[in-house]
Amino acid sequence: MMSLWQSFVELIHELIPWLDGGIATVIIILIKGIALVLPLIIMMAYMTYAERKVIGYMQLRIGPNRVGPIGLLQPFADVIKMMFKEIIFPTKANIYLFLLAPILAFVPAVAIWVVIPLGEGFYITNLDVSLLYVLAIGSVGVYGIIIAGWASNSKYPLLGALRSTALLVSYEIVIGFVIVTVVMVAGSVNLNEIVEGQKGGAWNWYFIPLFPMMIVFWISALTETNRAPFDVVEGESEIVGGTHVEYSGMCFALFFMAEYINMIMMAALAVLLFFGGWHSPFEGLPYLESLFEFVPDLVWLLVKMSFFLFLYLWIRATFPRFRYDQIMRLCWKVFLPLTIIWIFVVALMTQLAIGPWF
Amino acid sequence: MTNNFSFEINSLLVALPEIFLLSSIVIVLIIDLFLTSKFRQATYYLTQLSLMVTGILSFNLIGHPETVIFSNSFILDNMASVFKVFITGSSMVAMVYTRHYLLQHSLYRGEYFVLVMLAVLGMMVMVSGYSMLTLYMGLEILSLSLYTLIAIARNRSIAVEAALKYFVLGAIASGLLLYGISMVYGISGSINISDISAFAHDPSINSRDTLILNFGLVFLVIGIAFKLGAVPFHMWVPDVYEGAPTSVTMFLSTVPKIAALAMLVRILVDGLGSMHDYWSDLFLALSLLSISVGSVVALMQTNIKRMLAYSTISHVGFIMLGFVTGVVSGYGAAIFYVLVYVLMSLAAFGVIIILNNKGYEADQISDYKGLSKNSPWFALVMLIVMLSMAGVPPFIGFYSKFSILQEVVSAGFITVAIIAVVFAVISAYYYLKIIKFMYFDESDKDETISAPMDIKLILSINGSLILVVGLFPDRLMNISMSLL
Amino acid sequence: MEFEQILFYLFSFWFIASSLAMILSRNTAFSALFLILSFFSAASLWLLLEAEFLAIILILVYVGAVMVLFLFVIKMLDIEDSTLRAKFTGYLPIGLGVAVIVIAEMSLVLGVDQFGLDVVPQPIRHASDYSNITELAMELYTIYVYPFELAAVLLLIAIIAAITLIHRPDKRAKKQSIEEQVNTQAKDRVRLVSIAPYKKKDEQ
């Protein structure tokens, strides 16, 4: 995968030899970006398909099956439908902010992918503080929802936005602390180095010393992406559809896409932080290692990510929605103390050099 | 991971008072969380115990050779240790009155004492700060605790307003101070007081460096003047004194002045001593304005807390005068003045707190009518305090003013000394007005004021100290003079 | 012009423009958003200075947390902005005067004469393997460990202060006591009364 990527970059250099210096770098980055975003959007589209299909089967239904063979073209039908729908502006809405909100939701969701490595040497940029970058840009995403709620000038969106602000700010603290434990184990805030620290088989992955943190991280990830059972921001049965009530057409689609891209990002982050990233689980095992050698990095990463994406759907089909105060209690009174205690546990483990992780 | 960081535990022993205080703050905070209402008083006693142990630990460090630790950001010298003893001691005294006040006004909460301890910690950090950064951090720890303490009476709008005013102006002052620090850092390349001093004393310093140092210096002085409440940066003082609960007013008007003085000494004398010609002019203007405005405006006050606020402003003016002289004995006189001021102010606010009845603030000057009939002992203490503040001879307030003026005259500022004396005489009027109310006016209400034994005891000791030290001021004077 | 210089001027322009827009905007929500934009521009400038940790932290803390809460408050408040503006114009002449004096002084002292490239040398570019965050950590946890601890104390005060001023043990709060719910027995909730059957006299 890495060699393919390298040759791709060289190809660009050959195609535009008259460019050099800063401009060439920018163009290459842009092309890299497009090469990343397009598959991402397709992945997102099929995530919606998978969601409907998986939940359908869990509820003993078939799910979408009309458009194309076994409904495979359904996402495209949805996209086309969305594009031709009218965008309705509420009368007293603040039009600039109303239009800005979906953009502010979508752009950070995509911008995070700049630093997420998909394989060894396979990334757009290798930022030294990439994990912090993910946190920082991830926290910007909340503005989309806040502004949408405020600019709509309508009560349900405002309630949804208020809920989401409090929720996201609270859970970001928890995620921050979880990431601190990962950083303590890995000794780096660079995602590449964190993954490299987990080289050499499944027992080197960080989910073993950080098992409670992994659980906390995943539950916080559900909250951060407003997914069931923590989707009080939308809460159809309570506040109709939260921040999305007044949005239609492509504006709504941007929110929708941002949510799914964030889901994929959280799954990728979980894999990178706790499940060895692109490393094969069989590294170091005498027979299995050579047997699975042909599998490229990216495939391992995608397989692991698929599990987490499936987990989203599984959880959504299984649990009823939490009440708002219960979510808050879970954050401040359960997760926060737990993560702080675990920071001390990790410090102790690091000091005593337990296991292969430190 | 390489580990190229090492320190010896032994070297940290000079910071033992701070370390102990911080640990006990955390412990008291946690204990307070689990206390049932029956044992609420435990927080108070634990606080007093922690402050006492901290004071003893600091006392043991007096005479310790001058030590600098934490990469030049913490200094332990005699001035630091003596100031720490005074800070913890006067905080303990303030706490005795405070408990009485809090119980009467149903403001008693564990956090109050924790915040006071944090403020004390901030002051100790300031006293021992040997880099701009630690000085600033100490100041912020102190200020943030004080803002909260003022707003703790959150049901009284006047208290919340005072807190907000103090907070906003304090933030501006911090900003100015930081800007000045950044200028000094930008040109000297260091935030350590010793490095800055070496840079400023360097004879080969060029005019550009002096210019920028001077630029930073102006902001530093303004920031400090804001915090001290010197005119023209005094607008917040009366409002905060009046609005804050009296126990908080007592605390914030007394103890932080010691820490602020230490900060002045560290930054301006230790750090920028060679720039004395530049900052002494600023100080001269500030102190003359403070003395005149403080004395004159206090005449028109009907609220005793506001009156004491303006009296504080004029006292601050006298303290700053000590720095104008630019000689060690002048700084010593300023230190003496501050210690005396704290002693007097504690007693004054102590009487005010005692006169508070349940839920009623005795903060009008007319409330003192006929006090000598109802409770002669408290009236006597108040008499001593007022005479001392006015600078009447046998009391200690006379010597503090006298030593400052002596230094000012010997430094050649005779006109300044005359102006200061004139305003001191003017200020005597409003101190005497209270005495007149207490002794020559009839009370309109007829109730004897009772106070718990501990407060009576502390107030009596406090009042008699003003007299006794006034009769034998040499000891305290020698201590103050030996600190620099 | 170097590409980096173009970026520098771009971000600087953005920074100044958005700061001005923040002050001049009449809508508080717009002001907050412009402030966020200026934070981003400042962060970009820091990135150009190879201070990536500071840049990211600026976005993480200010944009990600502080300004979110700010917008939260703006949403809750109904700010009457005509009264604010009335005072603004009243103070404008004084403010303007002070601002002009300060700017004049600052430009005299901090101008190119004192801080130009000929006086202060240009900082050296670091190699690409230079890690800003490692350097910062090394300084912070060794030389500046004392101020660092003090900053922790400051945050502790902030927490205590916030809780002290906001928390009210309010008896009106509708709270659910799960323990109580779980421990409830049928006899606490339902009272079974045995009443002997009888007939009314007049029906007989």
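As the structure is a computational prediction, the values presented were derived from the model and not from experiment. (Residues numbered from 1 in each chain as written. Chains lettered and ligands numbered in written order. Predicted model: local features only at pLDDT ≥ 70, side-chain atom pairs only at ≥ 80, totals over all residues.)

Here the focus is the overall build of chain B. Counting secondary structure elements, chain B contains 19 helices and two strands. Compactness check: chain B gives a C-alpha radius of gyration of 22 Å against a globular reference of 23 Å for 484 residues, within 12% of the reference. C-alpha extents for chain B along the principal axes are approximately 70 × 60 × 40 Å. Out of the 484 residues in chain B, the part that is buried amounts to 58%. (Helix = DSSP H or I, 4+ residues; strand = E, 2+ residues; numbered from the N terminus. Rg over C-alpha atoms; globule rule 2.2 N^0.38 Å. Buried ≥ 20, exposed ≤ 12 C-beta atoms within 10 Å, placed from the backbone.)

In terms of helices and strands, chain C carries nine helices and zero strands. When the helices and strands of chain C are placed in sequence order, the string is α-α-α-α-α-α-α-α-α. The 204 residues of chain C split such that 16% are buried. Sequence-distant contacts, at least 24 apart, represent 54% of the contacts inside chain C between residues at least 6 apart. (Contact = placed C-beta atoms within 7 Å.)

On the side of chain A, 21 residues touch chain C, which itself brings 19 residues to the contact. Among the elements of the structure, α1 (3-24), α3 (52-76) and α6 (132-142) of chain C are those that each provide at least two residues to the side of chain C that touches chain A. Looking at the side of chain C that touches chain A element by element, the count peaks at 13 residues for α3(C). Classifying every residue of the side of chain C that touches chain A gives 13 nonpolar, three polar and three charged. (Nonpolar A, V, L, I, M, F, W, Y, C, P; charged D, E, K, R; others polar.)

Next up on the list: the interface of chain C and chain B. Taken together, the contact between chain C and chain B spans 18 residues of the former and 27 residues of the latter. For the side of chain C that touches chain B, the elements supplying multiple residues, two or more each, are α6 and α7 (145-166) of chain C. Per-class residue counts for the side of chain C that touches chain B are 15 nonpolar, three polar and no charged.

Turning our attention to the environment of Phe40(C). Residues and elements named next belong to chain C. If you trace the backbone, Phe40 turns up in helix α2 (residues 28-48). Accessibility expressed as a C-beta count within 10 Å gives 20 for Phe40, which makes it buried. Spatially, the C-alpha atoms of Phe40 and Gln122 are 24 Å apart, while their sequence positions differ by 82 residues. Beyond its immediate stretch of four places on either side in the chain, Phe40 contacts Ile59 and Val63.

With that out of the way, let us pick up the packing of helix α12 (residues 304-324) of chain B against helix α13 (residues 328-355) of chain B. The description of two helices packed together rests on the angle between their axes and the distance between the axes. All names here are of chain B. Where α12 contacts α13, the axes come no closer than 8 Å and their chain directions differ by 170 degrees. With respect to α13, the element α12 is oriented roughly antiparallel. Counting all contacts with α12, which are made through Ile304, Leu308, His315, Phe318, Ile319, Gly322 and Phe323, the residues of α13 involved are Gly330, Tyr331, Ala333, Ala334, Tyr337, Val338, Tyr341, Ala348 and Ile352. When the residues that make up the contact of α12 with α13 are grouped by side-chain class, the tally is 13 nonpolar, three polar and no charged. (Axes fitted to C-alpha atoms, helices over the stretch in contact; angles between N-to-C directions. Parallel < 35°, antiparallel > 145°, perpendicular 65-115°, else oblique.)

On to the nonpolar core. The biggest cluster of nonpolar side chains holds 194 residues, and the ones touching the most others in it are Leu121(B) and Ile150(B). When residues in this core are grouped by element, the largest group, 22 residues, is from α13(B). Excluding anything up to four places from it in sequence, Leu121(B) contacts Glu18(B), Leu21(B), Leu22(B), Ile25(B), Ile141(B) and Val153(C). Counting residues in hydrophobic clusters, the runner-up holds 123 residues, among them Leu118(A), Val142(A), Met214(A) and Val232(A). (Core = buried A, V, L, I, M, F, W, Y, C linked by C-beta atoms within 7 Å.)

Turning our attention to the environment of Ser290(A). All names here are of chain A. Position of Ser290 relative to the elements: it lies in helix α12 (residues 288-291). Ser290 gets classed as exposed once you count the C-beta atoms within 10 Å, which come to 10. Sequence separation between Ser290 and Leu97 is 193 residues; the distance between their C-alpha atoms is 56 Å.

In this section: helix α6 (residues 142-151) of chain A. Given 3.6 residues per helical turn, the α-helix brings residues three or four places apart onto the same face. Counting buried residues in α6(A) gives 10 out of 10 residues, a clear majority hidden from the surface. For α6(A), every residue scored as buried is listed here: Val142(A), Tyr143(A), Gly144(A), Ile145(A), Ile146(A), Ile147(A), Ala148(A), Gly149(A), Trp150(A) and Ala151(A). Buried residues in α6(A) make contact with α4 (95-111), α5 (130-140), α7 (155-186) and α11 (249-274) of chain A together with α2 and α3 of chain C. At the C-terminal side of α6(A), Asn153(A) shows a positive phi close to 55 degrees.

The predicted coordinates ought not to be read in detail in places where the model reports low pLDDT. Residue and element names in this part refer to chain C. For chain C, the mean per-residue pLDDT works out to 81, and 90% of the residues sit at or above 70. When pLDDT is averaged over each element of chain C, α7 comes out on top at 90 and helix α5 (residues 112-115) at the bottom at 72. With a pTM of 0.84, the predicted complex shows an ipTM of 0.88. (pLDDT = per-residue confidence, 0-100.)

With their axes 11 Å apart at the nearest point, helix α4 (residues 110-128) of chain B and α7(C) run at an angle of 155 degrees to one another. By the criterion of interaxial angle, the relationship of α4(B) to α7(C) is roughly antiparallel. The hand of the α4(B)/α7(C) crossing is left-handed. Along the contact surface, α4(B) presents Glu111(B), Val114(B), Leu115(B), Leu118(B), Leu121(B) and Val125(B), while α7(C) presents Leu150(C), Val153(C), Ile157(C), Ile160(C) and Thr164(C). Split by residue class, the contact of α4(B) with α7(C) holds nine nonpolar, one polar and one charged. (Left-handed = near helix turned anticlockwise from the far one by under 90°.)

Note that the residue after Val231(B), namely Pro232(B), is joined by a cis bond; omega there is 5 degrees. Looking at where Pro232(B) falls in the secondary structure, it is placed in the loop between α8 (207-228) and α9 (236-243). Backbone geometry at Ile70(A) places phi at a positive 35 degrees, although glycine is not the residue there. In this structure, Ile70(A) sits in the loop between α2 (21-58) and α3 (74-83). The residue Asn72(B) is not glycine, and still its phi comes out positive at about 70 degrees. Tracing the chain through its elements places Asn72(B) in the loop between β1 (67-69) and β2 (74-76).

This next bit is on the environment of Leu348(A). All names here are of chain A. Among the structural elements, Leu348 can be located in helix α14 (residues 324-352). Judged by C-beta crowding, with 10 C-beta atoms within 10 Å, Leu348 ranks as exposed. When the C-alpha positions of Leu348 and Val334 are compared, they lie 21 Å apart, and in sequence the two are 14 residues distant.

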